[in-house]
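One letter stands for each residue in the lines below.
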Amino acid sequence: MEFIILIKEIFNRTIKDLDYLELRKKLYLTLFLSFILTSLSCYLLYLFVDHYVFEFFAFSSQNKFVNIILSSFIIKFIISITQFFALWIVFSLLLIPIGNLVSSLFEEKIFDIVKEKNYYNFKKKRRSNSFIKSIFFTIKLFFVAILINFALTPIYFFLPIANIFIFIFVNGYLIGKEFYGNILMQFYHEKDIGRYYISSRKEVYVFGCLICFLYTVPVLNLFTPFFATVCFSHLLLQKSTNFN
């Protein structure tokens, strides 16, 4: 299928782009900032969860028999699993806007390097205030993601293993739209952005799911903002030939 060939080509080009020193410098900067912001977010999240959330799991009773049940291995195991998935979901969701913020700082430079090194014939000029618009767009989709994932919380808890796939498939759409939208906003108005979304919907969703998966993997999630920005830069530059 054509879109699978395009996805493979973009993925290969993204990996190959790491050979360029200019892009590697941006990669190191995004890694550093992602590490700092992620570490700070982890610490603040731990303080909040430990103080306000995990207290709800500290069950006790005046009845000795009930206390024995509550302190049993099975109950503690269920509580631990619940805590783990709750932290995993919240932390993964938190990393997405952080990653998008980090990538937005270098988005223009990364896009220009990708365009120049791969000899794309793209001459569209950037719109003014595109960075501010992308920030508001990121915040909007972040709250949409929070609401959707909050509604899916019972499914996440009661469908082990399947919850990981549900999380990726649901959030993949939002992540793809967010990263691609931030790049499109630099050059196009709302009407043209809609056309690009329609023509690229399959590629956007596949890359969105891949990026969502990478956000759930420790260490790899630090590379994800850079990877996503390069991938969607290639996607826009490839698709732009259809509209010129």
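Student: Go over the overall build of the protein chain, please, and point to the residues and values.
Tutor: On a plain count of helices and strands, the protein chain comes out with 10 helices and 0 strands. Across the 244 residues that make up the protein chain, the buried fraction comes to 42%. Long-range contacts, defined here as pairs at least 24 residues apart, represent 82% of the contacts in the protein chain between residues at least 6 apart. With an accessible surface of roughly 14,200 Å², the protein chain has 71% of that area assigned to carbon and sulfur atoms.

Student: So what's going on with the environment of A228? Which residues, and what values?
Tutor: Along the chain, the position of A228 falls in helix 10 (residues 220-239). Taking the relative accessible area as the measure of exposure, A228 reaches 0% and is therefore buried. If we skip the residues at most four places from it in the chain, A228 touches F179 and I211.

Student: Account for the nonpolar core, naming residues and giving values.
Tutor: In summary, soluble globular proteins display a tendency toward joint burial of nonpolar side chains. One finds Y180, Y188, I211, F232 and L236 to be the most contacted residues of the largest nonpolar core, which totals 54 residues. Those elements that place two or more of their residues in this core are helix 1 (2-16), helix 2 (21-53), helix 4 (73-117), helix 5 (130-151), helix 7 (162-184), helix 8 (190-199), helix 9 (201-215) and helix 10. For this core, the element with the most residues is helix 10, which contributes 10 residues.

Parameters at a glance
- Residues numbered from 1 in each chain as written.
- Predicted model: local features only at pLDDT ≥ 70, side-chain atom pairs only at ≥ 80, totals over all residues.
- Heavy atoms only, no water.
- Helix = DSSP H or I, 4+ residues; strand = E, 2+ residues; numbered from the N terminus.
- Buried < 20%, exposed > 50% of the residue type's maximum accessible area, 1.4 Å probe, protein only.
- Contact = heavy atoms within 4.5 Å.
- Areas by Shrake-Rupley, 256 points an atom, 1.4 Å probe, with all protein chains shown as cover.
- Core = buried A, V, L, I, M, F, W, Y, C linked by side-chain atoms within 4.5 Å.

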